[in-house]
Amino acid sequence: RLVASHASADYLIVRELDLIHGGLDTVAQAPCRPNAPAVGATRSDLTDAAMQDLLIWCRESAAAVGPVPGDPILGMISPADFRGDCVAAPLNAEEGPLGVVILVSRRSPFKPADQELLTHLCEPIGVALANTARVRELKRLRESLENQRAIAESAGQADVKARLDLALETLEEAHVNTIHGFCA
């Protein structure tokens, strides 16, 4: 609602970079006005060259405004079937580019104030995206440690199991601290 009351957009879309598989995944989208037409695709696969162009844009650019199709970067980061106007900004963290946040509209061009609004949304959305990635990684590590622990236990390797138990406890503390950091 905050965005809807200040921007002439149909949708606000958050897309996360998938560096492993070479693409962009839509992780959040919200209509900015009632009866906004659907925006479609949740994943866009990118060639290696396109991914490199996008990473450079994320590292070196601020928000961009333009028509889709038209601007090559905006066309790349917008949902595949989208046609209209777009305002996009990169989401970056200390680790590097995370994704993009996009406002799309099929009915009217964006104003400079829309670009400014999107720029102000980048930091909190980027922090949320980075924290989500950290929690996902902690879960993956926990699953891996639990599997290794089960293997050590079944093989009768009590010393290895004990070290893995300690690692799991440390990981759980990190997870709790991460979650508490979100809520602080």
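Residues numbered from 1 in each chain as written. Predicted model: local features only at pLDDT ≥ 70, side-chain atom pairs only at ≥ 80, totals over all residues. Heavy atoms only, no water.

1. Describing helix H4 (residues 112-154)
With 43 residues, H4 extends 63 Å from end C-alpha to end C-alpha; this agrees with the ideal 63 Å at 1.5 Å per step. Helix geometry: H4 is bent most strongly at Cys122, by close to 35°, with proline Pro124 lying one to four residues after it. Positive backbone phi, approximately 75°, marks Gly156, located one or two places after H4. (Helix = DSSP H or I, 4+ residues; strand = E, 2+ residues; numbered from the N terminus. Expected span 1.5 Å × (residues − 1). Bend = angle between axes of the 7 residues up to and from the residue.)

2. Examining the environment of Ala28
As for its placement among the helices and strands, Ala28 is situated in strand S2 (residues 23-31). Residues Ala28 and Leu12, spaced 16 residues apart in sequence, show a C-alpha to C-alpha distance of 8.1 Å. The residues touching Ala28, leaving out its near neighbours within four places in the chain, are Leu12, Ile13 and Val14. (Contact = heavy atoms within 4.5 Å.)

3. Details of helix H2 (residues 48-60)
An α-helical segment advances 3.6 residues per turn. Residues three or four places apart therefore align on the same side. Compared with the 18 Å implied by 1.5 Å per residue over 13 residues, the 18 Å span of H2 between its first and last C-alpha is a close match. Among the residues of H2, Ala50, Met51, Leu54, Leu55, Trp57 and Cys58 are the ones counted as buried. Viewed along the axis of H2, the buried residues span an arc of 160°, placing them on a single side of the element. Exposed residues lying more than 90 degrees from the buried face of H2 are Asp48, Ala49, Arg59 and Glu60. (Buried < 20%, exposed > 50% of the residue type's maximum accessible area, 1.4 Å probe, protein only. Arc of directions from axis to C-beta.)

4. Some words on the side chain of Asp18
Along the chain, Asp18 turns up in strand S1 (residues 11-18). Judged by relative accessible area, which is 13%, Asp18 ranks as buried. For Asp18, the side chain forms a polar contact with the main-chain nitrogen of Ile20, separated by 3.2 Å. Here His21 takes part through its backbone nitrogen, which lies 3.0 Å from a polar atom of the side chain of Asp18. Dropping the residues within four chain positions of it, Asp18 is found in contact with Gly23, Asp25, Arg43 and Met51. (Polar contact = N/O pair within 3.5 Å; in protein donor to acceptor, adjacent residues only side chain to side chain.)

5. Some points on the side chain of Arg15
As for its position among the elements, Arg15 is in strand S1. Of the side chains with opposite charge, Asp25 lies nearest to the buried Arg15, which makes no salt bridge, at 6.3 Å. Of the polar contacts made by the side chain of Arg15, one reaches the side chain of Thr26; its length is 3.0 Å. (Lys, Arg positive; Asp, Glu negative; His and termini not counted. Salt bridge = Lys/Arg side-chain N within 4 Å of Asp/Glu carboxyl O.)

6. Side note on the pattern of salt bridges
A side chain with one charge may pair with a side chain of the opposite charge, provided their charged atoms come close. Throughout the structure, instances matching the rule amount to three salt bridges. The salt bridge involving Asp18 is made with Arg43; its shortest N-O contact spans 3.1 Å. Of this pair, Asp18 sits in strand S1 while Arg43 sits in strand S3 (residues 43-45); the two residues are 25 residues apart in sequence, bridging distant segments of the chain. With relative accessibility at 28%, the residue Arg43 sits in the partly exposed group. Asp45 serves as the salt-bridge partner of Arg43, at 2.8 Å between the closest nitrogen and oxygen. One continuous salt-bridge network, built from bridges that share partners, spans Asp18, Asp25, Arg43 and Asp45.

Read these as layout, nothing more, since geometry by itself doesn't imply function.
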